[in-house]
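Tertiary structure, described
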Amino acid sequence: MFFKKKTQEDLTPEEKLKALNEKFEKKRNLTGIAAKLCSILAICMSLYHMYSSGVHMLPQFQHRAIHLAFALALTFLIFPATDKQKNKVPLWDIAAIIFSIAVGAYLCLDYMNIVFRMGDPFTRDIVIGAIMIVLVLEATRRTMGWPLVIVAVAFLLYAFLGHLIPGTLGHRQYEVSRVIEHMFLTSEGIYGVAIYVTATFVFIFILLGSFLTETGGAQAFIDLAFSITGRFRGGPAKAAVVASGLMGTISGSSFANVAGTGTFTIPLMKSVGYTPEFAGGVEASASTGGQIMPPIMGAAAFIMAEMTGVPYGQLIVHAAIPAILYYVAVFIMVDMEAAKLGLHGMNKSELPVFSKVFKDGAFLLLAPLSIVYMLLAGYSPIKASVTAVLIVIITSSFRKSTRLTLTSFLRALDLGARGSLSVIAACAVAGLIVGTVTLTGLGLKFADFIIVLSRGQLYPALILTMVASIIMGMGMPTTALYIILGSMVAPALVKMNVPIVAAHLFIFYFGCMASVTPPVALSSYLAAAIAKADSVKTALQGLKLSSSAFILPFIFALSPRILLLDTTIGAATVATVTATIGVVALSACLEGYLIGSLSLPLRLVSGVAAILLIDPGLIGDLFGLVLLSTILLYQLITKKKKLASKDEVNFLE
């Protein structure tokens, strides 16, 4: 019997997501023994991390070695070197898998001897270290592509050859063995702070996301968003904003958010009248915001806590108001676009019933809420994450529809480990970059270079930092980018009296926004693929909708009141209110709509009002309020005259 091949329209959301994953993440089609071995390794990796985080953890160097050994072995098993190897595991990959595991075992079993001979390594240490560096670079190429690998290789070359560079950027000559030892056997290189964070906090949070997916918690977020916002004008787009924000609290990855929610929200946005490009732009911008939305904020936020010395629970408090303002801006622009197009909400019959959604799935929301509570209460992220996973497992058993079977439990463990591989690879290779910075002192030199180039002026320094963050972030994962910029650029801002939290959040924001900034707007391109839209136009829409994130960092760098730093409740409230009004003015300027369409001159005035309101200062706020109030009053009078004229015409007729 012959069957008609399914078209794109015939595919279910799950099938579309699978197809997109195959397109954007070129994974190997494992079968037979290889598939079983892969699942066993992934499940063992997840169980090991659950045991380590919840019961007993080995000394940090041993724990990191086991963590990376699991990740590299799975990477070489799942990700092929080329498309020609998608259906087989060649001997090179088998050797790489064996060596990855062997290195982990070597570092664990010979741990004490390695510690005692630190600074005087054996020849075998150097040989193994050199091979390990190559394996880390290759694993990163397979999972993340060439950009990050090229950057890492450039830094390694600087470590080896930087003594040939004249001037302040040069450094003294290091022997090859010294560089390899620093990268392999110390906590400043591959097994540095980035791998420490993925091995302790991040992996468990990724595992939490996989358990929520298996129990229906992720779908509950989406249904909850639709039940709340779906009946309003442009409802599906607003639901996409809310759902992506909620999903972002789990994954902290813009790419994962687009793939997870976009297959549902983008077709619905198109069905109510939004253009494919705008629908894709909404999903890309909303999903990108997930990386800056507490309580999880992705792997970079945990590394930020380590680099700044600010407890993670305190860090998410500082980051909360700017993240909320970002989503307010996206939400308002979505509403304005709906008003311009004359769109209406979805029919009640098409929407999930809020009471039913809340009744069936609200208990699954206890896990993310428990994270917020425990972090604010002073518990460590490790305890908060493990507790959240246990809450999901326990609460899911309350209902048959969400209850985990042995199969779904093992599948969650399997998917959690697989979902962590790209993050772990990026953090491992970022360790090579950080190792170069610490070995050569490049971080301090680069910070001084920015200060000199900006002539000690904060505004030029912030602009230079923004440009560097965006350019380096094109095609590079946010976590790796943050590690580089946090060690090289943030110190310059701190030297210029920017609070350390504000300085690190500044580079973090622009690193995140690189995923919606053309020409390499990866999140927008994925959204365009789902929407069947023009990728360039979709990227431009995503950039427009994310525009508030290009202004907010300047606000808290210049006046950190909205970060709740060195301020009173009253001052923080005033700053937040005026910044919110400024976001409305910015949205009106970009969308050309307030309570009616805005002409070009009025849009320009609205843009000026936005800058005045967002930039801290009493005089600027007052002028901004006057300008925006004038536009609003003008539109109200004009609208009233039009209605009166229309009534008069109707009366005469």
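Residue numbering note: each chain is counted from 1, following its sequence as written. Under the rules for a predicted model, residues below a pLDDT of 70 receive no local features and side-chain atom pairs below 80 are neither given nor counted, while totals for whole chains, interfaces and linings still include all residues. Side-chain measures here rest on the full set of heavy atoms in the structure, leaving out hydrogens and waters.

**Considering the overall build of the protein chain**
Helix and strand assignments come from DSSP, with helices taken as H or I runs of at least 4 residues and strands as E runs of at least 2, each series counted from the N terminus. Per the secondary structure count, the protein chain includes 30 helices and zero strands. Here the radius of gyration uses the C-alpha set of atoms, whereas the globule reference equals 2.2 Å times the residue count to the power 0.38. For the protein chain, the C-alpha radius of gyration of 26 Å lies close to 26 Å, the compact-globule estimate for 653 residues. Across its three principal directions, the C-alpha atoms of the protein chain cover 100 × 75 × 45 Å. For each residue, the accessible area found with a 1.4 Å probe, counting protein chains only, is set against the maximum for its type, and the residue is called buried under 20%, exposed over 50%, and partly exposed in between. The proportion of buried residues among the 653 residues of the protein chain is 55%. In what follows, a contact means two residues having at least one pair of non-hydrogen atoms within 4.5 Å. Counted over contacts in the protein chain with a minimum sequence separation of 6, partners at least 24 positions apart contribute 79%. Each accessible area value is a Shrake-Rupley result obtained with a 1.4 Å probe; residue values ignore everything except the protein chains displayed when judging cover. When the accessible area of the protein chain is evaluated, it comes to approximately 27,800 Å², of which 68% is carbon and sulfur surface. None of His or the chain ends enter the tally, which takes Lys and Arg as positive and Asp and Glu as negative. Where a charge sits is defined by one atom per residue type, namely NZ (Lys), CZ (Arg), CG (Asp) or CD (Glu). Considering the protein chain, the positive charge centre built from 47 side chains and the negative charge centre built from 34 side chains are found 4 Å apart.

**Some remarks on helix α20 (residues 442–453)**
Taking 1.5 Å per residue, twelve residues should reach 16 Å; α20 reaches 16 Å between its end C-alpha atoms and fits that length. When α20 is considered as a whole, its buried residues turn out to be L442, G443, A447 and I450. Considered in projection along α20, the buried side chains sweep an arc of 135° and stay on one side of the axis. Among the exposed residues of α20, those pointing more than 90 degrees away from its buried face are L444 and V452. Between the first and last residue of a helix there are one fewer steps than residues, each counted as 1.5 Å, and that sum is the expected span. To obtain the arc, one takes the directions from the helix axis to the C-beta atoms.

**Digging into the nonpolar core**
Here, nonpolar core means buried Ala, Val, Leu, Ile, Met, Phe, Trp, Tyr and Cys residues that are tied together by side-chain atoms lying within 4.5 Å of each other. Counting 179 residues, the largest nonpolar core has L107, Y191 and F506 as its most contacted members. Excluding residues that lie within four positions of it along the chain, F506 makes contacts with L462, T465, M466, L493, P553, F554, F556 and A557. Listed in part, the 15 residues of the second largest apolar core include M336, A585, L586 and A610.

**Some remarks on the packing of helix α22 (residues 478–488) against helix α24 (residues 500–513)**
In this description, a line fitted to the C-alpha atoms serves as the axis of each element, helices being fitted only across the stretch in contact, and the angle between N-to-C directions of two axes falls anywhere from 0 to 180 degrees. α24 packs onto α22 with a crossing angle of 145° between their chain directions and a minimal axis gap of 9 Å. The handedness of the crossing between α22 and α24 is right-handed. Residues T478, L481, Y482, L485 and G486 of α22 form the contact with α24, whose participating residues are H504, I507, F508, G511 and C512. When the residues that make up the contact of α22 with α24 are grouped by side-chain class, the tally is six nonpolar, four polar and no charged. Crossing handedness: left-handed means the near helix sits turned counterclockwise from the far one by under a right angle, and right-handed means the same turn made clockwise. The classification used treats Ala, Val, Leu, Ile, Met, Phe, Trp, Tyr, Cys and Pro as nonpolar, Asp, Glu, Lys and Arg as charged, and all other residues, Gly among them, as polar.

**Some words on a nonpolar patch on the surface**
Taken together, V153, L157, L161 and L164 make up a surface patch of nonpolar side chains, about 360 Å² in accessible area. Mapping V153 onto the fold places it in helix α7 (residues 146–161). Two joining distances apply to patches: 9 Å for like charges and 5 Å for nonpolar side chains (Val, Leu, Ile, Met, Phe, Trp, Tyr), and every residue must have over 30% relative accessible area and no salt bridge. Salt bridges are defined as contacts in which a side-chain nitrogen from Lys or Arg sits within 4 Å of a carboxyl oxygen from Asp or Glu.

**Observations regarding the packing of helix α17 (residues 366–376) against helix α18 (residues 381–396)**
Interaxial distance between α17 and α18 falls to 8 Å at its minimum, and their mutual angle equals 155°. Here α17 is positioned roughly antiparallel relative to α18, judged by the angle of their axes. Read as a crossing pair, α17 and α18 show a hand that is right-handed. Contact residues: L366, A367, S370, I371, M374 and L375 in α17; P381, K383, A384, T387, A388, I391, V392 and T395 in α18. To sort the angles, those under 35 degrees are grouped as roughly parallel, those over 145 as roughly antiparallel, those from 65 to 115 as roughly perpendicular, and the leftovers as oblique.

**A word on unusual backbone geometry**
In the Ramachandran plot, N497 falls in the positive-phi region, its phi being about 70° despite a non-glycine side chain. Mapped onto the elements of the fold, N497 is located in the loop between α23 (490–495) and α24. Residue N497 is classed as exposed on the basis of its relative accessible area of 72%. Non-glycine residue D566 carries a positive phi angle of around 50°.

**Considerations on the packing of aromatic side chains**
Here a pair means two rings of Phe, Tyr or Trp (six-membered ring of Trp) with centres within 6.5 Å. Their orientation is stacked below 30 degrees between planes, edge-to-face above 60, and tilted elsewhere. Across all of its chains, the model carries 15 aromatic pairs by this definition. Between the aromatic rings of F61 and Y191, the centroid separation amounts to 5.5 Å while the plane-to-plane angle is 55°, which identifies the pairing as tilted. Taken together, the residues F61 in helix α3 (residues 60–78) and Y191 in the loop between α8 (176–184) and α9 (193–215) connect sequence positions 130 residues apart. Look at F61 and you get buried, because its relative accessible area is 13%. Overall, the relative accessible area of 0% leaves Y191 in the buried class.

**Here we look at the side chain of E591**
Among the secondary structure elements, E591 is positioned in helix α28 (residues 569–591). What makes E591 buried here is its relative accessible area of 2%. Pairs of N or O atoms are called polar contacts if they sit within 3.5 Å, as long as, within protein, a hydrogen donor faces a hydrogen acceptor (for residues adjacent in sequence, only side-chain-to-side-chain pairs). Separated by 2.9 Å, the side chains of E591 and K544 make a polar contact.

**Considering α17**
Within α17 the residues assigned to the buried category are A367, P368, S370, I371, M374 and L375. Seen end-on, α17 carries its buried residues on one side only, within an arc spanning 155°. The exposed residues of α17 that point more than 90 degrees off its buried face are L369, Y373 and L376. Where α17 terminates, the next one or two residues include G378, which has phi positive at roughly 100°.

**A word on the confidence of the model for the protein chain**
Chain-level pLDDT for the protein chain is 84 on average; 91% of the residues reach the 70-or-more range. The score called pLDDT rates the predictor's confidence residue by residue, from a low of 0 to a high of 100. Here helix α1 (residues 13–24) is the element of the protein chain with the lowest mean pLDDT, 50, and α3 is the one with the highest, 96. Taken together, the stretch residues 1–9 has pLDDT below 50 and engages in five contacts with residues farther than four places along the chain or on a different chain.

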